Amino acid sequence: MSSASRLPIGWLVQRVAMMLVTLLAVITLTFALMHAVPGGPFVSEKMLAPEIEAALNAKFGLDQPIWRQYLNYLGGVLTLDLGPSFKYPGVSVNSMIADGLAVTAQTGLLAIICVVAFGVPAGIVAALNRGRWPDTAAMFIASLGIAVPSYVIATVALYIFALRLGWTPAFGLDDWRGYILPVFALSGFWMSFVARLTRSSLLETMGQDYIMTARAKGLPAHTVMLRHGLRNSLIPVVTVLGPVVANLLTGSFVIEQIFALPGIGRHFVQSITNRDYTAIMGITIFYAAFLMLMILIVDLLYLWLDPRISYGDRK
Amino acid sequence: MTAPVLSLRDLRTEYRTDRGTVQAVRGIDLTLQRGEILGLVGESGSGKSVTCMSILKLLKRGGHITSGVAEFDGRDLLQLSERQLTAVRGEKIGVVFQDPMSALNPTMTVGRQIVEVLLQHRKISRKAARDRAVELFELVRIPSARTRIDSYPHEFSGGMRQRVMIAIALACDPDILIADEPTTALDVTIQRQILALLKELRDRLGMAIILVTHDLGVIAETADRVMVLYGGQVMEEALVADLFAAPCHPYTRGLLAAIPDPRQAGRPLSPVRGSPPDMRTPPPGCPFAPRCPQAMRICETPPPMFDATGNPALQAGQRARCWRADATAPAQIFETPS
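Along each chain, residue indices are assigned from 1 in the same order as the chain's sequence is written. For naming, the first written chain is A and the first written ligand is 1, with later ones following in the order written. Where totals are concerned, whole chains, interfaces and linings use all residues; where local detail is concerned, this predicted model gives features only for residues with pLDDT of at least 70, and gives and counts side-chain atom pairs only at 80 or more. Side-chain numbers come from the whole structure's heavy atoms, not from hydrogens or water.

### Brief notes about the overall build of chain B
Put simply, the rule is: Numbering of helices and strands runs from the N terminus, with a helix taken as a DSSP run of H or I at least four residues long and a strand as a DSSP run of E at least two residues long. Taken over C-alpha atoms, the radius of gyration is set against a globule rule of 2.2 Å times the number of residues to the power 0.38. Should any heavy atoms of two residues lie within 4.5 Å, those residues are considered in contact. A 1.4 Å probe and the Shrake-Rupley method give the accessible areas. Residues count as covered only by the protein chains that appear here.
Tallying secondary structure elements over chain B gives ten helices and eleven strands in all. Taking 2.2 N^0.38 as the reference for a compact globule, 338 residues should give roughly 20 Å; the C-alpha atoms of chain B span a radius of gyration of 21 Å, in line with that estimate. Each principal axis of the C-alpha distribution contributes one length, and for chain B these read about 70 × 50 × 45 Å. Intrachain contacts of chain B at a sequence separation of at least 6 include 63% that bridge at least 24 residues. Approximately 14,900 Å² of chain B is accessible, and the part contributed by carbon and sulfur atoms is 52%.

In structure tokens, the structure reads:
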């Protein structure tokens, strides 16, 4: 039975429906919490004239009852219009996300590639050399990567490589070298995490009976490891990769702040201090939807990785 | 007698663990004749599985073979490098494991798992290997072989999976098949079928089989010759008929007495009392002595193997590691209780 024929359409439809319900809950909760926070988009140090504030409120519909605002907003979301930013006149939240994402996704994508390209092989090498120096070295570095917060890694790396050695620019992405430090700082934790996970999962798999069968067949050690061990040990790795992808692609406020990158993470935090209602909502919805999509993709990957898994369409 | 296909001499295997070194096998000699089914029987921890896995150096982490010779095909298998061993494993000696639920890779079709071993050892095309896999499926009587070959292990029942395992082990026409508790995980009717299949395949293909089990019933039904293991040593070996008719070693007798007899329903079971020794610190003498109802003072000295020479109680080819089988011993030693 090929994976394609196992694609469970009914399950998929159900899953998407559940995602929409979840999204509605996210919208409602964020909306409620946001309005529960004191202040508003037009409250600032310099007092606006009351009539101007009233006019602004009327323009953005903030003079209407809350339930009305909620329904209006939902209507917008249905047509994929996340509304105008309250803080930056003439800027729509859609374009704000698009601009921020363009920056964040570049570093995020590179970070994901690093996590997979270095984390997984490091775990494999460590498992292959269990107890010997490559294992010890890899796991020592990985423990550091997990224990040291990304902003410390970022600041130290910035100080050494940008300020002292001058090998990389201190901020911005104008030069390809500008990517190195932010990507490193972003991926450090997850790279370490994935390396440790791959190692432990592979070691566990290598203790399974079917690995002994593979050895008894006369397969060389590396074939046993790669063909029989790796695939089965990748399931837990794939499980964390879904949320990791969502996490990295939607950016890190701290890293974006340190390297002065105009990414979506920065927009998000600023929109909260600004009480930029539509921006808060928009970015939250975007993040939630993206995360759910990633989890869905992970669940579909399981079908391909493990033929024992089925989502109830068959039988 | 023709030259044996495998001869194992003074095999010693230990497992080094955090809590001490387990002496799993302590000097086992074994000869396997061409085409014979040799049963290894014993309780868990007796060293029966470790003995067979040592032949191919398929030991779990911590396992070390400390001495011994395994003569096969004019070579000592225990001296071969890992690389040289890959040419023997699966090609000259096939293995069937205990639990067919976990011994097959769950993410690979059974067909691929057979084709894989063929491609490893034979210079044949993928297509030819697949055809051979179908043939093997038919050989082990898996119905609708041609379509079942593309199924995954979880789509088979336990008995069918064990047939798949046997097909994999036999793929390259091995000289020896090691079957490590092949029926322990199966229910009784399926057990029967698998044992009958093994016997039939031996008759048709002529390979020798080492059958490991803790079940004397399996031995009675399937094996030609049997070795009773305890504490990492051979306690007794004999032709199956001789062992059941005239067991010599008190341990063997205890095992036979423990088999429930349906004709005497209601009679309480008579187990072998006590528990097996801790193999980190095995008893200095006979390993069974602490549980033996007939133990003597001399049992604290390790007994050698005694054969039928001068001992009418033993049949030709029957051997026992028990001081009571010593035909030359002065009678008074038997009167000294320990």
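There is more to say, and it comes next.
### Quick notes on the layout of surface pockets
Selection rule: In this analysis a 1.4 Å probe is tested at points of a 1 Å grid over the protein atoms alone, and where it fits but cannot get out there is a cavity; an open set with protein on both sides within 12 Å along at least five of seven lines is a pocket; lining residues have an atom within 4 Å of a point. Grid points are joined across faces, edges and corners, and a volume is the space filled by probe spheres set on the points. Residues are grouped as follows: Ala, Val, Leu, Ile, Met, Phe, Trp, Tyr, Cys and Pro are nonpolar; Asp, Glu, Lys and Arg are charged; every other residue, Gly included, is polar.
For the largest pocket, the calculated volume is near 980 Å³. Taken together, 29 residues form the lining of the largest pocket, with A:M206, A:R215, B:L59, B:K60 and B:R61 sitting closest to its centre. For the lining of the largest pocket, the secondary-structure elements that each account for two or more residues are α4 (93–128), α7 (177–206), α8 (209–216) and α9 (221–249) of chain A together with β4 (63–72) and α2 (82–86) of chain B. Looking at the second largest pocket, it is lined by 15 residues, and the ones nearest its centre are A:L23, A:V77, A:L80, A:L82 and A:I285. Put simply, the parts of the chain that give the lining of the second largest pocket at least two residues each are α1 (9–36), α3 (66–78), α4 and α12 (277–305) of chain A. When residues of the lining of the second largest pocket are assigned to their parent elements, the largest contribution, five residues, is made by α1(A). Classifying every residue of the lining of the second largest pocket by side-chain character gives 14 nonpolar, one polar and no charged.

### Re the domain arrangement of chain B
Residues and elements named next belong to chain B. We count it as follows: The domain boundaries here were taken from an automatic or database domain assignment. Buried area: the accessible surface (1.4 Å probe) lost by two parts on joining, summed over both. Within this document, salt bridges are pairs made up of a side-chain nitrogen of Lys or Arg and a carboxyl oxygen of Asp or Glu, the two lying within 4 Å of each other. By the criterion applied in these results, polar contacts are pairs of N or O atoms within 3.5 Å in which, for protein atoms, one can donate a hydrogen and the other can accept it, and in which residues neighboring in sequence qualify only through two side-chain atoms.
Each domain of chain B was delimited in the assignment, giving domain 1 (6–223) and domain 2 (233–335). Placing a centre on the C-alpha atoms of domain 1 and another on those of domain 2 gives a separation of 29 Å. Approximately 1,500 Å² of surface area, both sides summed, lies buried where domain 1 meets domain 2, with 55% of it carried by carbon and sulfur atoms. By the criterion of area lost to domain 2, the three top residues of domain 1 are R26, E43 and L216, representing 44% of everything that side buries. Viewed at the interface, domain 2 and domain 1 are joined by one salt bridge. With a shortest N-O distance of 3.4 Å, R291 and E43 are connected by a salt bridge. Here domain 1 is connected to domain 2 by four residue pairs in polar contact (both at pLDDT 80 or more). Those elements giving two or more residues to the side of domain 1 that touches domain 2 turn out to be β2 (20–32) and α8 (216–222).

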